[in-house]
Amino acid sequence: MSDENAKYWYNLETHEVEQGYASPAIDRAGPFDTAEEAARAPEILRERSRQWAEDDARDDR
C-alpha cells in the first residue's frame, strides 16, 4: 500500500470518509492524515477558501 493509499479522503458526492483511492479523483477531497480530519473536510475547505479570499482581497489593495 502506498502512502497515499494509507491516507483518508472525503467523498464530495456521498459525504463519506474513505481510505485510499476508493472513488474517482473528481469526487475526493484530501488527502487527510486521519479519518477524523477527513470527516471535517467541509469545514476545513470552507475555512481555507475564506482565507484565500481574504488573501486575494488584501493583494488587490
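Residues numbered from 1 in each chain as written. Predicted model: local features only at pLDDT ≥ 70, side-chain atom pairs only at ≥ 80, totals over all residues. Heavy atoms only, no water.

Caption draft 1: Quick look at unusual backbone geometry. Here the residue pair Gly30 and Pro31 is connected by a cis peptide bond, since its omega of 15° sits within 30 degrees of zero. You can see Pro31 is positioned in strand 3 (residues 28-32). Phi is positive for His15, close to 65°, though the residue is something other than glycine. Examined against the element boundaries, His15 turns out to sit in the loop between strand 1 (8-11) and strand 2 (17-19). On the accessibility criterion, His15 (54% relative accessible area) is exposed. (Helix = DSSP H or I, 4+ residues; strand = E, 2+ residues; numbered from the N terminus. Buried < 20%, exposed > 50% of the residue type's maximum accessible area, 1.4 Å probe, protein only.)

Caption draft 2: Inspection of the nonpolar core at higher detail. Counting six residues, the largest nonpolar core is built from Tyr10, Ala29, Phe32, Ala38, Ala41 and Ile44. At the level of elements, strand 3 and helix 2 (41-60) are the ones that each hand at least two residues to this core. Once residues lying within four places of it in the same chain are set aside, the contact partners of Ile44 are Phe32 and Glu37. (Core = buried A, V, L, I, M, F, W, Y, C linked by side-chain atoms within 4.5 Å. Contact = heavy atoms within 4.5 Å.)

Caption draft 3: Spatial organisation of the side chain of Asn11. Looking at the element boundaries, Asn11 is found in strand 1. Judged by relative accessible area, which is 3%, Asn11 ranks as buried. Excluding anything up to four places from it in sequence, Asn11 contacts Glu16, Glu18, Ser23 and Asp27.

Caption draft 4: Summary view of the pairing of strand 1. Both strand 1 and strand 2 contribute to a ladder of three bridges, which runs antiparallel. Bridge pairing links Tyr8 to Gln19 in strand 2. Counted between consecutive antiparallel strands, the loop separating strand 1 from strand 2 contains five residues, among which His15 sits at a positive phi close to 65°. Of the pairings in the sheet, the one linking strand 1 to strand 3 comprises three bridges and is antiparallel in character. Residue pairing in the sheet places Tyr10 in a bridge with Ala29 of strand 3. (Pairing = 2+ DSSP bridges.)

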